[in-house]
Amino acid sequence: MTRTATPFRSRTALCALGVTALAVSLTACSGSANPFDDHEEKASYGEGAAAKSARASVPRWLPDDASDIKYVMSTTGDDRIIRFRTPDGTFPAACKPGKAQGEPRLKADWFPSDLASKADTNCGTWSGAAVDGVLYAWQDKDVVKKAAR
């Protein structure tokens, strides 16, 4: 006796195959093993004025003439990291000497992993340090929450 597939079995098998193919393709396209990458936005800008114009989340204290800007923000909180250069190699006058406020939670290949131990500057809720003539800063979402109280 020969068995033939019923229309129901054929549709079920086809649907299962389609769902599996979709899952595999979406996994292959993500490009990252970090599950939090889907909750981050990354950007680069040539100058501070353009960065602030493009994104309200870029710190307002970033000088308009800052250059070589790299930026990562969390889309699910107020965690941020930024890298930039200024003509004189210093943070703007709005920033003051201070120690680390919270921890940098985001990561990027251009952001020093030990920056929190080097932090010597506070720009509002941001903490930062200069490393080899490049300025780095981060904002910790918990610091932002505490400052809002």
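Engineer: I'm lost on the packing of aromatic side chains in this one. Help?
Structural biologist: Describing an aromatic ring pair means giving the distance of the ring centres and the angle of the ring planes. Considering all chains together, one arrives at 6 aromatic pairs under this definition. Here F84 and F91 contribute two aromatic rings whose centre-to-centre distance is 5.9 Å and whose plane-to-plane angle is 85 degrees, an arrangement assigned as edge-to-face. Here F84 matches F91 in class, with each residue buried. Ring geometry for F111 versus Y136: centroids 6.1 Å apart, planes at 85 degrees, classification edge-to-face. Taken together, the residues F111 in the loop between β4 (96-97) and α3 (115-118) and Y136 in strand β7 (residues 134-139) connect sequence positions 25 residues apart. With respect to burial, F111 and Y136 carry one shared label: buried. In this structure an aromatic cluster arises from ring pairing among W61, F84, F91 and W126.

Engineer: Any chance you could explain the sheet that holds strand β1 (residues 40-47) here in plain terms?
Structural biologist: Sheet strands pair by backbone hydrogen bonding; their relative direction is either parallel or antiparallel. Pairing within the open sheet is antiparallel, and its 7 strands lie in the order β1-β2-β3-β7-β6-β5-β4. Of all strands in the sheet, those bounded by a partner on one side alone are β1 and β4. Pairing geometry for β4 and strand β5 (residues 121-123), over 2 bridges, is antiparallel. Each bridged residue has a counterpart across the sheet, and for K96 the counterpart in β5 is N122.

Engineer: Quick question: what am I supposed to make of the pairing of strand β2 (residues 67-74) here?
Structural biologist: Consecutive side chains of a regular strand alternate in pointing toward one face of the sheet and then the other. Two strands pair when backbone bridges link them, and β1 and β2 are joined in this way by 7 bridges, in the antiparallel orientation. Within β2, the position partnered with S44 by the bridge is K70. In terms of strand pairing, β2 meets strand β3 (residues 80-85) through 5 bridges, oriented antiparallel. The partner of Y71 across the bridge, within β3, is I82. Two successive antiparallel strands, β2 and β3, enclose a turn made up of 5 residues.

Engineer: Looking at this structure, how should I read the pattern of salt bridges?
Structural biologist: Should the charged atoms of two oppositely charged side chains come close, the side chains can pair. For the structure on display, the rule yields 10 salt bridges. K42 serves as the salt-bridge partner of E40, at 3.9 Å between the closest nitrogen and oxygen. For the salt bridge of D68 with R83, the shortest nitrogen-to-oxygen distance reads 2.4 Å. With D68 in strand β2 and R83 in strand β3, the pair connects residues that are 15 residues apart, well separated along the chain. The class of R83 is buried, set by a relative accessible area of 12%. Shared partners join several salt bridges into a network, and the residues in it are D79, R105, D140 and D142.

Engineer: For this particular structure, what's the right way to read the environment of G98?
Structural biologist: Position of G98 among the secondary structure elements: in the loop between β4 and α3. According to the relative accessible area criterion, G98 is partly exposed, its value standing at 23%.

Engineer: What should I look at first to understand the state of the cysteines in this one?
Structural biologist: The term disulfide refers to a covalent linkage connecting the sulfur atoms of a pair of cysteines. Evaluation of the coordinates by the stated rule reveals 1 disulfide. The side chain of C95 participates in a disulfide bridge whose partner is C123; the two sulfur atoms lie 1.9 Å from each other. Between C95 and C123, the disulfide has an S-S torsion of 110 degrees and is therefore right-handed. Pair noted here: C95 is in the loop between β3 and β4 and C123 is in strand β5, with a separation of 28 residues, a long-range link. Pair check on accessibility: C95 and C123 agree, each one buried.

The rules we used
Each chain carries its own residue numbering, running from 1 in the direction its sequence is written. At least 70 in pLDDT is required for a residue's local features to be given in this predicted model, at least 80 for side-chain atom pairs to be given and counted, and no such filter applies to totals for whole chains, interfaces and linings, which use all residues. Hydrogens and water are ignored here; the side-chain numbers use all heavy atoms of the structure. Here the aromatic set is Phe, Tyr and Trp, taking the six-membered ring for Trp, and pairing holds for ring centres within 6.5 Å; pairs whose planes are under 30 degrees apart are stacked, those over 60 apart are edge-to-face, and all others are tilted. Per-residue accessibility, obtained with a 1.4 Å probe over protein chains only, is compared with the maximum for each type, and a residue is labelled buried under 20%, exposed over 50%, and partly exposed between these values. The numbering of helices and of strands both runs from the N terminus, where a helix is a DSSP run of H or I of at least 4 residues and a strand a run of E of at least 2. Only strands that DSSP links by at least two bridges are regarded as paired with each other. We define a salt bridge as a side-chain nitrogen of Lys or Arg found within 4 Å of a carboxyl oxygen belonging to Asp or Glu. Disulfide assignment relies on a single distance test, namely cysteine sulfur atoms paired within 2.5 Å.

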